[in-house]
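Listed here are the chains, written in short residue letters.
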Amino acid sequence: MSFHILHVFQHGATLAKEQGFIVCRAQDKSERRLPHEDMRAVIIAARGVTLTSNFISAVLETDGIILHCNESYQPCGVTAPLERVIDQRAFLHQVSQPKRLNERLWQRMLRGKTRNQQTVLEHRELRSPHLELALKTGDIDEGNCARRYWQLYFPAIGWAATKRDRKEDTAPNQMLNYGYTVLGALCHRGLHIHGLTPALGVKHMTRYRSTPLVFDLMEPFRPMVDMMLAEFMAEPDVSMKAWAKKVGTELRERRMAHERYSLKLMDAIDASASSLARSYAEKAVEPFWVPEL
């Protein structure tokens, strides 16, 4: 089965379900059809798009995610399936929240993130002695590692800034925000289908209207978005619309090593969520799989 991420960029388009297909119909009556069971995520990045009720229910019934963007292509909301206990055993294992296991899982997530950040820098022919030492000793200070990483990363992609500020209204920060939000939507879906509740985090704390486990799971995947942006900044068209298209394509087509075979990036997210559920079931950190660039 070939799963799809549908990006909608045509203003005034209509999305519906007809005879087992998701239909995207433009104002000029041209249309695109995709099997609705293959739909993993839909990203609405256009104005005046009409979503029919049968389209919404078709996507949600197959555990898909609908991500809504504003006129600047910035994600501003998500439509997700109702929370439900798909696997009662997985849910109960997670709810037991063994503190020591969560600490070890977080260390594995953090190490995976730092290792992948180091790989991003290596692809730009850079190195960070601070990250190297942290990985060697296992003493990883997330804040200091991130600061040293961004000090090298931003100049390497042609940007004058040396720190990451998600609230700053600049092109690289906006593009990273967009990429991370799409990544988070797929992590949310992966946790949901494997019976885990996003409301109970490994490290991030539960707050009002928060999904801390989504942020935990996506940590090792964030450098994949950084890598995409570094490659993208060398392309002729570096507009936000072009970046949104690249993110969708890369999530669907970029492959990652997984044991004895490779996985598409969006399948790797599901594999990581599934392995997290196994870790809770077995009360052991070993089953949890962290992706590597």
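This section reports on the structure supplied with the text. (Residues numbered from 1 in each chain as written. Predicted model: local features only at pLDDT ≥ 70, side-chain atom pairs only at ≥ 80, totals over all residues. Heavy atoms only, no water.)

On to the overall build of the protein, then. Each helix and strand in the protein was counted, giving 10 helices and 10 strands. Over its C-alpha trace the protein gives a radius of gyration of 19 Å, about what one expects of a compact globule, namely 19 Å for 293 residues. The dimensions of the protein, computed from C-alpha atoms along their principal axes, are 60 × 50 × 40 Å. Evaluated residue by residue, the protein yields a buried proportion of 50% over its 293 residues. Excluding contacts between residues fewer than 6 apart, the proportion of contacts in the protein whose partners are at least 24 apart in sequence is 62%. Roughly 14,200 Å² of accessible area belongs to the protein as shown, and the carbon and sulfur atoms make up 49% of that amount. (Helix = DSSP H or I, 4+ residues; strand = E, 2+ residues; numbered from the N terminus. Rg over C-alpha atoms; globule rule 2.2 N^0.38 Å. Buried < 20%, exposed > 50% of the residue type's maximum accessible area, 1.4 Å probe, protein only. Contact = heavy atoms within 4.5 Å. Areas by Shrake-Rupley, 256 points an atom, 1.4 Å probe, with all protein chains shown as cover.)

This next bit is on the sheet that holds strand 7 (residues 65–69). If you walk across this open sheet you meet the four strands as 1-5-7-8, and the pairing is mixed. Two strands close off the open sheet at either side, each with one partner strand: strand 1 (4–8) and strand 8 (75–79). Put simply, the sheet's adjacent strands are angled 15° from each other on average, direction ignored. The pairing of strand 1 with strand 5 (residues 39–44) spans five bridges and is parallel. Considered in strand 5, the bridge of Leu-6 is made with Val-42. Each of strand 1, strand 5, strand 7 and strand 8 touches helix 6 (residues 171–193); the most contacted strand, strand 7, lies at about 160° to it. (Pairing = 2+ DSSP bridges. Axes fitted to C-alpha atoms, helices over the stretch in contact; angles between N-to-C directions.)

Between its terminal C-alpha atoms helix 3 (residues 99–123) stretches 36 Å, which fits the 36 Å expected from 25 residues at 1.5 Å a residue. One or two positions beyond helix 3, positive phi appears at Glu-125, with a value near 60°. (Expected span 1.5 Å × (residues − 1).)

Across the sheet, which stays open at both edges, the four strands sit in the order 4-3-2-6 with mixed pairing between neighbours. The sheet is open, and its two borders are formed by strand 4 (31–35) and strand 6 (50–51), each paired with just one other strand. Inspection of the sheet shows strand 2 (residues 14–18) paired to strand 6 by two bridges, in the parallel sense. Looking at the pairing, Leu-15 lines up with Leu-51 of strand 6. Along the sheet, helix 1 (residues 53–61) makes contact with strand 2, strand 3 (21–25) and strand 6, crossing strand 2 at roughly 70°.

Disulfide: a covalent bond formed between the sulfur atoms of two cysteine residues. A complete count under the given rule lists zero disulfides for this structure. The thiol sulfur of Cys-24 is not disulfide-bonded, and the nearest other cysteine sulfur, from Cys-69, lies at 14 Å. By relative accessible area, Cys-24 is classed as buried at 11%. With no disulfide of its own, Cys-69 has Cys-76 as its nearest cysteine by sulfur position, at a separation of 6.6 Å. (Disulfide = S-S within 2.5 Å.)

This brings us to unusual backbone geometry. In the Ramachandran plot, Gln-19 falls in the positive-phi region, its phi being about 50° despite a non-glycine side chain. Looking at where Gln-19 falls in the secondary structure, it is placed in the loop between strand 2 and strand 3. Exposure remark for Gln-19: the relative accessible area of 77% places this residue in the exposed category.

Moving on, we get to the pattern of salt bridges. All told, the structure shown has 19 salt bridges when counted by the stated rule. Between Glu-18 and Arg-25 there is a salt bridge whose closest N-O contact spans 3.3 Å. Its relative accessible area of 26% is what places Glu-18 among the partly exposed residues. For Arg-25, a relative accessible area of 24% corresponds to the partly exposed category. The shortest N-O distance in the salt bridge between Glu-31 and Arg-25 comes to 2.9 Å. Bridged by salt links that share partners, the residues Glu-231, Glu-235, Lys-246, Glu-250 and Arg-254 form one connected network. (Salt bridge = Lys/Arg side-chain N within 4 Å of Asp/Glu carboxyl O.)

All right, on to the side chain of Thr-119 then. Position of Thr-119 relative to the elements: it lies in helix 3. Once residues lying within four places of it in the same chain are set aside, the contact partners of Thr-119 are Met-227 and Leu-293.

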